[in-house]
Amino acid sequence: MNGTVAAVSREEEYRFSKRGRDAIRLLAGLGVEGDAHQGATVRHRSRMARDPAQPNLRQVHLLHRELFAEVAAAGFEVLPGQLGENITTAGIDLLALSTGTLLRLGDEAVVEVTGLRNPCAQIDGFRNGLLKEVLGRDERGRVVRRAGIMGIVLVGGEVRPGDRIMAEAPAGPHHPLEPV
């Protein structure tokens, strides 16, 4: 499964939305250079309050651009970076990937998929009512999270809009993504 980088974003301070950039640099074991969530240990405020020593499995947030068209049909305008993602993708079904999938981004960078972003109430703070569009239930009543995926940086490198994304499934059975 392959796709393209549609946009890249980072934010130095803790804010819900991130500003678009011409390029971002991924740092092995740390995340996005200059981003508030960069670090080997957890950098999300709620998780730091619980246990600041836990590993940062959320170094990079990826979100599929196709979601923007879906929520637009419900009346919500969302642009790249506004839901806090670092990398907006196109043409790749991020939510169908297996835990441990390697995403090769551009010429050098490699991100290992760790799990799903767990959508939170901050999404409604951004656009009231949007949370129910990215967090729902399927026909069996199971929770469906559609606010992107998280990963850790294995190999650093620069990532730019237009870069190719190549997904490499891990060996063994498919492990559906769980929230991290």
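Chains are numbered independently. Their residues run from 1 in the order of the written sequence. Since the coordinates come from a predicted model, pLDDT governs what is reported: local features require at least 70, and pairs of side-chain atoms require 80 or more to be given and counted, while whole-chain, interface and lining totals use all residues. Each side-chain value is derived from all of the structure's non-hydrogen atoms; neither hydrogens nor water enter the calculation.

**Q** Looking at this structure, I do not really get the pattern of salt bridges. What am I missing?
**A** A side chain of one charge can pair with a side chain of the opposite charge when the charged atoms of the two come close. For salt bridges, the criterion is a side-chain nitrogen of Lys or Arg within 4 Å of an Asp or Glu carboxyl oxygen. One pass over the structure, following the stated rule, counts 12 salt bridges. Note that Glu158 is salt-bridged to Arg160, the shortest N-O span being 3.0 Å. Burial classes: relative accessible area under 20% of the type maximum marks a residue as buried, over 50% as exposed, and values in between as partly exposed (1.4 Å probe, protein chains only). Classification of Glu158 as partly exposed rests on a relative accessible area of 32%. For Arg160, a relative accessible area of 37% translates into the label partly exposed.

**Q** Looking at this structure, I do not really get the sheet that holds strand S3 (residues 24-27). What am I missing?
**A** The strands making up a sheet associate through hydrogen bonds between their backbones, and the pairing can be parallel or antiparallel. Taking strand neighbours across the sheet as the criterion, the 3 strands line up as S4-S3-S12 in an open arrangement whose pairing is antiparallel. Among the strands making up the open sheet, the edge pair consists of strand S4 (31-32) and strand S12 (157-159). Being paired, for any two strands, means DSSP has found at least two bridges between them. A run of DSSP states H or I qualifies as a helix once it reaches four residues; a run of E qualifies as a strand once it reaches two. Both are numbered from the N-terminal end. In this structure, S3 lies alongside S12, joined through 3 bridges in antiparallel fashion. Across the sheet, residue Ile24 finds its bridge partner in S12, namely Val159.

**Q** Any chance you could explain the packing of aromatic side chains here in plain terms?
**A** Here a ring pair, both rings aromatic, is described through the centre-centre distance and the interplanar angle of the planes. Any Phe, Tyr or Trp ring, taking Trp's six-membered ring, that has another such ring centre within 6.5 Å forms a pair; planes under 30 degrees apart are called stacked, those over 60 apart edge-to-face, and the others tilted. Tallying each qualifying case throughout the model produces 1 aromatic pair. When the ring of Phe16 is compared with that of Phe126, the centres are 5.7 Å apart and the planes differ by 35 degrees; the resulting orientation is tilted. Here Phe126 lies in helix H3 (residues 122-126) and Phe16 lies in the loop between strand S1 (2-10) and strand S2 (19-21), a separation of 110 residues in the sequence. Accessibility expressed as a relative area gives 19% for Phe16, which makes it buried. Between Arg127 and the ring centre of Phe126, over which it is positioned, the NZ or CZ distance is 4.1 Å. By definition here, charges over rings are those cases where NZ of Lys or CZ of Arg is within 6 Å of the ring centre and within 35 degrees of the ring normal.

**Q** Help me understand the pairing of strand S13 (residues 164-168), please; the structure alone is not making it clear to me.
**A** Each regular strand shows side chains that alternate between the opposite faces of the sheet. Taking every second residue as pointing to the same face, the buried face of S13 carries Ile165 and Ala167, while none of Arg164, Met166 and Glu168 on the other face is buried. Pairing between S1 and S13: 3 bridges, direction antiparallel. Paired with Asn2 across the two strands is Met166, which belongs to S13. In this sheet, S13 lies alongside strand S7 (residues 102-105) in antiparallel orientation, the contact comprising 4 bridges. Residue pairing in the sheet places Arg104 in a bridge with Met166 of S13.

**Q** Hey, could you run me through the nonpolar core in this one?
**A** Within soluble globular proteins, side chains that are nonpolar tend to cluster in buried spots. Ranked by internal contacts, the top residues of the largest apolar core, which has 23 residues, are Leu26, Ile87, Leu103, Leu105, Ile149 and Val159. At the level of secondary structure, the elements contributing two or more residues to this core comprise S1, S3, strand S5 (60-64), S7, strand S8 (109-116), strand S11 (149-155) and S13. Take this core: its biggest share by element is 4 residues, from S8. In what follows, a contact means two residues having at least one pair of non-hydrogen atoms within 4.5 Å. If sequence neighbours within four positions are ignored, Leu26 has contacts with Gly31, Val32, Val60, Leu105, Ala109, Val111, Val153, Gly156, Gly157 and Val159. Counting 14 residues, the second-largest nonpolar core is a separate cluster that includes Val71, Val78, Leu130 and Leu131. What we call a nonpolar core is a set of buried Ala, Val, Leu, Ile, Met, Phe, Trp, Tyr and Cys residues that are connected through their side-chain atoms within 4.5 Å.

No statement about biological role is implied by the geometric values presented.
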